[in-house]
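Structural features, examined
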2 protein chains.
Amino acid sequence: MEFTKRLAAFRERMRREKLSAFALLHLSNLRYLTGFTGSAGLLVVQPEEAHFYTDGRYREQARLEVQGAQIHIAGPAGLYAEAAHQLARVRRIGVEAPTLTLAAAAALGGKEWKNRLYPTTGWVEQLRAIKTPDEVARLRQAAQLAASIWPRILREIKPGNRERAIAARIEFELRRSGGDGCSFEPIVATGAHGALPHARASAQELKQGDLVVLDYGVWLEGYASDMTRTAGVGRVPVQAREIYGAVLEAQLAALDTVRPGVPTPVVDGAARRVLRKHKLLRYFVHSTGHGVGLEIHENPRLGQWMRRDQPPPVLEAGNVITIEPGVYLPGWGGVRIEDMVHVTASGAEILTPTPKELLEL
Amino acid sequence: MEFTKRLAAFRERMRREKLSAFALLHLSNLRYLTGFTGSAGLLVVQPEEAHFYTDGRYREQARLEVQGAQIHIAGPAGLYAEAAHQLARVRRIGVEAPTLTLAAAAALGGKEWKNRLYPTTGWVEQLRAIKTPDEVARLRQAAQLAASIWPRILREIKPGNRERAIAARIEFELRRSGGDGCSFEPIVATGAHGALPHARASAQELKQGDLVVLDYGVWLEGYASDMTRTAGVGRVPVQAREIYGAVLEAQLAALDTVRPGVPTPVVDGAARRVLRKHKLLRYFVHSTGHGVGLEIHENPRLGQWMRRDQPPPVLEAGNVITIEPGVYLPGWGGVRIEDMVHVTASGAEILTPTPKELLEL
């Protein structure tokens, strides 16, 4: 039922843009439109029919999962060759520019691919950015599952324990609680490692007085959660407490702007303003947040807006986003605080129930 | 030192193919050429200089890791815009066709991208397929680490335990043993799930008399391991034992062909011949194996060869590959047995020390 509606909305967009065929490859888009959860597939959408191509490994799975499209199992020539056959007479084929590679383009569009393929960006992703109540429920459940293990993770924050051991514990507890695995590799970054926003958990030991950044999420029925907390390994120095306070103030200021109709740079700007006041803006090296759903990073993006030729994205009811300002001082460490937030008709529902005051454990 | 050699080999290929600039994006290729382990980067190689672009999140990490290239931190306009500047006067830019998307191509090559970009396939991957002794040592260590947890995983194979709980245990034990996480999501597929070669671990309970397929690997210092075993939950029916025997015979037959100079379809064909004899060939729905290294699937591929315009790949000393025939009966289940193998000057070194006789636990 949901899949029928989604495919209809996509076909409506095709009709508006006068496309009689579209070849989709991006896996989370395939999942959104057909229900397929495997790792190799191609969906050809035409006004009156849809064809789903996968390989022999997924014969059974496609039969169980795919809705709204006829299933084809590609031979050794591959998915593209198989779909190219179906598309042989189509002059203009819509494709996903951020996913389709030059190699795939040539296999799909043949010698004339440069003229036949019509690059588009974000058609399905735009539909995906507005979650149905059912999707919000899954995201809420994923966020709650991730938060539910937090007390057990806190017990691991003690001098001498290793970043890697804590990451292993996070993975294990998420699975044990019914999650389908980590939605990204958990970040456990202590001391100076905290200055690497995407640090990998290492053999580094936690030391008394360090801050430790913990950023993790879980997959649940295809949907991702994402949260970050920063905690002290015992009492932390005054400077750490001050920086923590500034980041929390920035995070709350950004949260406070969230409601439908607000341009995303306004949310980002609210966090930046607070950090500028604390003379920490130059240490905030990423954007304030991003959508979450079938992917860990999706629309809308909440950052500075540099393009003059287009207006920035605006928040809409049904968006589910993160708000996650951070400060990273090379050689010293970092602080990041991240919540998942559902944009409602009237404002914001914070999906991450975990407290945000600084814990000194 | 290693990085210098690799970049020199890559430049030599550029010289042979008369390219004065190459823009690389594929992350494992960046890691191979520069040492960078982050998730966003772009490397421009020119005859006398090399430029590495990343974003603010990786400023520190790039400084610590990247060798042989000047580091640039891209602003909000992004990596491509930054690199496009450096490449402004280059008429023909080598790019990786299997990685570069249409969107990235346009950002990198500007309006004239269709004429300026020169698509290539597998230049770095071809270098990567021949491992140095140091790389083989890391892969051996990864394979041994993964094998070392096997006895602890066997204890979980009992009626009533869930696929998902076993997958969680695999992840946890791999990390606890010093691994950097799973090299892919562990497959634990019991009963009829075993017929899905890439099944996700589910809430399904193991039942007395079922076969269970376990396929997992670990990351260790950037290198992946990969192994599969199939075990019985207690005594299994005669048919299961017969199919197991056929798959093992096919796996041993394929292993027996491995040595330098052997075309990869010969290895694949050896497995197929055995399964045909047992009337199981139609249930073998994937290829016999693949290279392993900085990626879980890399060159060489060991499958049937359908192209008439090119000879198939040939095994070379220094390849590290998997040998993993399998049989999948819809509605019944599956059997797969997979080892990692190092192609040596004289033959094959099996890197997976785990026994292969059928265990009925």
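As the structure is a prediction and not an experimental result, all values here were calculated from the model. (Residues numbered from 1 in each chain as written. Chains lettered and ligands numbered in written order. Predicted model: local features only at pLDDT ≥ 70, side-chain atom pairs only at ≥ 80, totals over all residues. Heavy atoms only, no water.)

Let us now look at the interface of chain B and chain A. Chain B puts 42 residues into the contact, and the matching count from chain A is 42 residues. Summed over both sides, the interface between chain B and chain A buries roughly 3800 Å², with carbon and sulfur atoms accounting for 61% of that surface. Area buried by chain B at its contact with chain A is led by Arg57, Leu102 and Arg175 of chain B, which between them contribute 19% of it. Connecting chain B to chain A are 6 salt bridges. A salt bridge links Arg175 of chain B to Glu171 of chain A; the nearest nitrogen and oxygen atoms lie 3.2 Å apart. Where chain B touches chain A, the interface holds 12 residue pairs in polar contact (both at pLDDT 80 or more). A class-by-class count of the residues in the side of chain B that touches chain A yields 21 nonpolar, 10 polar and 11 charged. (Contact = heavy atoms within 4.5 Å. Buried area = accessible area lost by both parts, 1.4 Å probe. Salt bridge = Lys/Arg side-chain N within 4 Å of Asp/Glu carboxyl O. Polar contact = N/O pair within 3.5 Å; in protein donor to acceptor, adjacent residues only side chain to side chain. Nonpolar A, V, L, I, M, F, W, Y, C, P; charged D, E, K, R; others polar.)

Superposing chain B onto chain A takes a rotation of 180° combined with a translation of 0.0 Å along the rotation axis, leaving an RMSD of 0.0 Å. The symmetry that links the two subunits is that of a two-fold axis. Every residue of chain B has its C-alpha some distance from the rotation axis, and the shortest such distance is that of Thr101 of chain B, at 2.0 Å. Comparing interface residues between copies, 100% of those in chain B also sit at the interface in chain A, which points to an isologous, same-surface contact. (Least-squares fit on C-alpha atoms with pLDDT ≥ 70 in both.)

Turning our attention to the packing of helix H10 (residues 163–176) of chain A against helix H10 (residues 163–176) of chain B. In a packed pair of helices, the relevant descriptors are the angle between the two axes and the axis-to-axis distance. At a closest axis distance of 9 Å, the pairing of H10 of chain A and H10 of chain B adopts a crossing angle of 180°. Taken together, H10 of chain A and H10 of chain B sit at an angle that is classed as roughly antiparallel. Contacts between H10 of chain A and H10 of chain B pair Arg164, Ala167, Ala168, Arg169, Glu171, Phe172 and Arg175 of chain A from the former with Arg164, Ala167, Ala168, Arg169, Glu171, Phe172 and Arg175 of chain B from the latter. Residue classes in the contact of H10 of chain A with H10 of chain B are distributed as 6 nonpolar, no polar and 8 charged. (Axes fitted to C-alpha atoms, helices over the stretch in contact; angles between N-to-C directions. Helix = DSSP H or I, 4+ residues; strand = E, 2+ residues; numbered from the N terminus. Parallel < 35°, antiparallel > 145°, perpendicular 65-115°, else oblique.)

Residues and elements named next belong to chain A. By the assigned domains, chain A splits into domain 1 (2–128) and domain 2 (133–350). Averaged C-alpha coordinates put domain 1 and domain 2 at centres separated by 33 Å. The partner domain 2 presents 8 residues to the 8 residues of domain 1 that form the contact. Each partner contributes to the roughly 640 Å² buried at the junction of domain 1 and domain 2, and carbon and sulfur atoms together form 43% of this total. Scanning the region where domain 1 abuts domain 2 turns up 3 salt bridges. Here Glu135 and Arg6 are joined by a salt bridge, their closest N and O atoms 3.7 Å apart. (Domains from an automatic or database assignment.)

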